[in-house]
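The lines below spell out each chain.
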Amino acid sequence: TSRTRSASLARTLPAACNFLHPTSRNTYKHEVNRYVRDAAAKYGVDEDLVYSMIFVESSCRIGALSPQGAVGLMQVLPTTAQQMGYSPHTTQGNI
């Protein structure tokens with residue numbers, strides 16, 4: 001299943017992504033994982049793609065900020081987020 005594959009992927013991500021590991025006690029992972037599931041379902045993509053994008057874009061750093069001003073896990077530009085009607089400064093809006 002998708003959930004099994006995502007758990008498998010989360011186990012292979014680097015230490016920066018440990019909060020996503022299924023055995024992590026970090027309560028934040030449940031919020032992130034829920035938003036990843038929701039986004040994957042909404043846009044019809046595999047959860048592993050979303051997790052991979054989080055790793056590539058921010059190395060799983062929640063507070064990541066690029067020199068160009070992109071923010072968060074998915075490195076969303078605030079102007080793009082505004083045009084789409086959501087806040088890149090919330091975890092749900094960023095994913």
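A short tour of the structure in this document, coming up.

Rules and cut-offs
- Residues numbered from 1 in each chain as written.
- Predicted model: local features only at pLDDT ≥ 70, side-chain atom pairs only at ≥ 80, totals over all residues.
- Heavy atoms only, no water.
- Helix = DSSP H or I, 4+ residues; strand = E, 2+ residues; numbered from the N terminus.
- Buried < 20%, exposed > 50% of the residue type's maximum accessible area, 1.4 Å probe, protein only.
- Contact = heavy atoms within 4.5 Å.
- Areas by Shrake-Rupley, 256 points an atom, 1.4 Å probe, with all protein chains shown as cover.
- 1 Å grid on protein atoms, 1.4 Å probe; cavity = no way out; pocket = protein on both sides within 12 Å on 5 of 7 lines; lining within 4 Å.
- Points joined across faces, edges and corners; volume = space filled by probe spheres on them.
- Core = buried A, V, L, I, M, F, W, Y, C linked by side-chain atoms within 4.5 Å.

## Re the overall build of the protein
Then comes step 1: Each helix and strand counted, the protein has five helices and zero strands in total.
Then comes step 2: Going residue by residue from the N terminus, the α and β elements of the protein occur as α-α-α-α-α.
Then comes step 3: Buried positions account for 40% of the 95 residues belonging to the protein.
Then comes step 4: Considering only residue pairs separated by 6 or more positions, the protein has 33% of its internal contacts joining residues 24 or more positions apart.
Then comes step 5: Counting every atom, the protein has about 5700 Å² of accessible surface; 54% of that belongs to carbon and sulfur.

## Structural notes on the layout of surface pockets
Then comes step 1: As a volume, the largest pocket reaches approximately 500 Å³.
Then comes step 2: In terms of lining residues, the largest pocket is bounded by 18 residues, among which Ala39, Tyr43, Gly93, Asn94 and Ile95 are the most central.
Then comes step 3: Of all elements in the fold, only helix H2 (28-43), helix H3 (47-58) and helix H5 (91-94) reach the threshold of two or more residues within the lining of the largest pocket.
Then comes step 4: Examining the composition of the lining of the largest pocket, we find that five residues originate from one element, H2, more than from any other.

## A look at the nonpolar core
Then comes step 1: Counting 16 residues, the largest nonpolar core has Val32, Val36, Val50, Ile54, Leu73, Met74 and Ile95 as its most contacted members.
Then comes step 2: For this core, the secondary-structure elements that each account for two or more residues are H2 and H3.
Then comes step 3: It is H2 that contributes the most residues to this core, six residues altogether.
Then comes step 4: Apart from the residues within four sequence positions on either side, Val50 is in contact with Val36, Ala40, Val45, Met74 and Ile95.

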